[in-house]
Amino acid sequence: MDLDRLVAEARDGTPRAVARLISLVEDGSPRLRELAAALAPHTGHARVVGLTGSPGVGKSTTTSALVTALRADDRRVGVLAVDPSSPFSGGALLGDRVRMGEHATDPGVFIRSMATRGHLGGLAAATPQALRVLDAAGCDVILVETVGVGQSEVEVVALADTTVVLLAPGMGDGVQAAKAGILEVGDVFVVNKADRDGADATVRELQHMVSLNRREVSGPAWRPPVVRTVASAGEGVDDLVGALDDHRAWMADHDRLAEGPRRRARAEIEAIALADLRARIRELAGDAALGELAERVVAGELDPYAAADEVVSSVRG
Ligand SMILES: Nc1nc2c(ncn2[C@@H]2O[C@H](COP(=O)(O)OP(=O)(O)OP(=O)(O)O)[C@@H](O)[C@H]2O)c(=O)[nH]1
């Protein structure tokens, strides 16, 4: 496979090339190192918006409505749906095309879901790599959507430049959000299904929680807005786009635009390094040396920390 040609085709906006490159990422291809080098000169343009929220809160509907709004503004859009709990790639799943049906044939939109079947560094490494593929493909905005609100989902959306947390009235979502730690990562909060009873109460509860949650910071702090939407009717979506742009502008004004890319790079480097170390330790596991260390720990001659020190120093060596 000619990687340079694939990258060139992806840069021309060929959906098949983009899809193949993301598959390489997903599968943990041995050529990822080469791919990272080939993509590097063509990245750094896209802004990444993460969306998270409980199942059923309206993430897909909101994402789709956002795509419509961004396309009306002639921005090229990537959508990456990440499911940390699923071993299945959605790349070829019908579900995506159904979910994003109206955008499936728009050449200005790339839609892709991703699992990390073979990727050693897991999502922390795979997500930034997939984002770079979409960035190189010329996306102005990439929407990263996760399924659910568990810890790993929160970690994924926190890799974004702007993180959107969605809630809906009457789901006890505020409490759940606090538990899952998503109040800390939210730059913009959305109360979707604002056509339902209890929307005002949810907005108030959220505004209160967000104000309590504001950490002591030395410099000026961004105040996360709470936006009301009825995504299924497209209502409030322009306000959401406005809030995203406001956050972007605020970050630019405060010289903080590099924070997102830096966070992604850190997560990626750490994940790759850890995966590499783990692989080397596993290699050692087949080795007589590790068996010997285990024997000595069992016999009480060595404590496990000292044994681990020996493993680490032999991996280093
Ligand atoms: N009343 C109302 N219904 C909505 C609104 N937005 C979405 N829905 C409906 O809520 C249901 C769930 O929406 P999805 O967009 O699939 O929700 P999701 O959060 O992506 O759900 P998962 O895919 O399960 O994570 C669908 O039937 C939508 O039509 C809204 O603003 N008001």
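In what follows, the structure referred to is the one given above.
Keep in mind the model is a prediction, meaning the values are calculated, not measured. As a convention, each chain's residues are numbered from 1 in the sequence order in which they are written. Local features in a predicted model are, by the rule used here, given only for residues with pLDDT of at least 70; side-chain atom pairs are given and counted only at 80 or more, and totals for whole chains, interfaces and linings are based on all residues. In computing side-chain values, all of the structure's heavy atoms are included and hydrogens and water are not.

Asker: Kindly report on the environment of Ala104, identifying the contributing residues and their values.
Answerer: Strands here are runs of E lasting at least two residues and helices are runs of H or I lasting at least four, both read from the DSSP assignment and numbered beginning at the N terminus. Inspection of the secondary structure puts Ala104 in the loop between helix 5 (94–99) and strand 3 (109–114). Residue Ala104 is classed as partly exposed on the basis of its relative accessible area, which comes to 40%. Taking the C-alpha atoms as reference, Ala104 lies 16 Å from Arg75; in sequence the two are 29 residues apart. Partly exposed residues are those whose accessible area sits between 20% and 50% of the maximum for their type, while under 20% is buried and over 50% is exposed, using a 1.4 Å probe and protein chains only.

Asker: Go over the pairing of strand 4 (residues 141–146) with me, naming the residues and quoting the values.
Answerer: In terms of burial, strand 4 is a largely internal element, six of the six residues being buried. Burial of strand 4 is two-sided: the residues Val141, Leu143 and Glu145 facing one way and the residues Ile142, Val144 and Thr146 facing the other way are all buried. Two strands are counted as paired when DSSP detects at least two bridges linking them. Here strand 1 (residues 47–52) runs beside strand 4; their pairing, made up of five bridges, is parallel. Across the sheet, Gly50 pairs through a bridge with Val144, a residue of strand 4. In the sheet, strand 2 (residues 77–82) pairs with strand 4 via six bridges, with the strands oriented parallel. Residue pairing in the sheet places Gly78 in a bridge with Ile142 of strand 4.

Asker: Give a detailed account of the pattern of salt bridges, specifying residues and quantitative values.
Answerer: Every case where a carboxyl oxygen of Asp or Glu lies within 4 Å of a side-chain nitrogen of Lys or Arg is listed as a salt bridge. Within this structure, the stated rule accounts for 13 salt bridges. With a closest N to O distance of 2.8 Å, Asp276 and Arg280 form a salt bridge. Taken together, the positions of Asp276 and Arg280, both in helix 12 (residues 259–285) and four residues apart, correspond to about one turn of that helix. Looking at Arg280, the relative accessible area reads 38%, which means it is partly exposed. Taken together, the shared-partner salt bridges in this structure form one network comprising Arg47, Asp73, Arg75 and Asp245.

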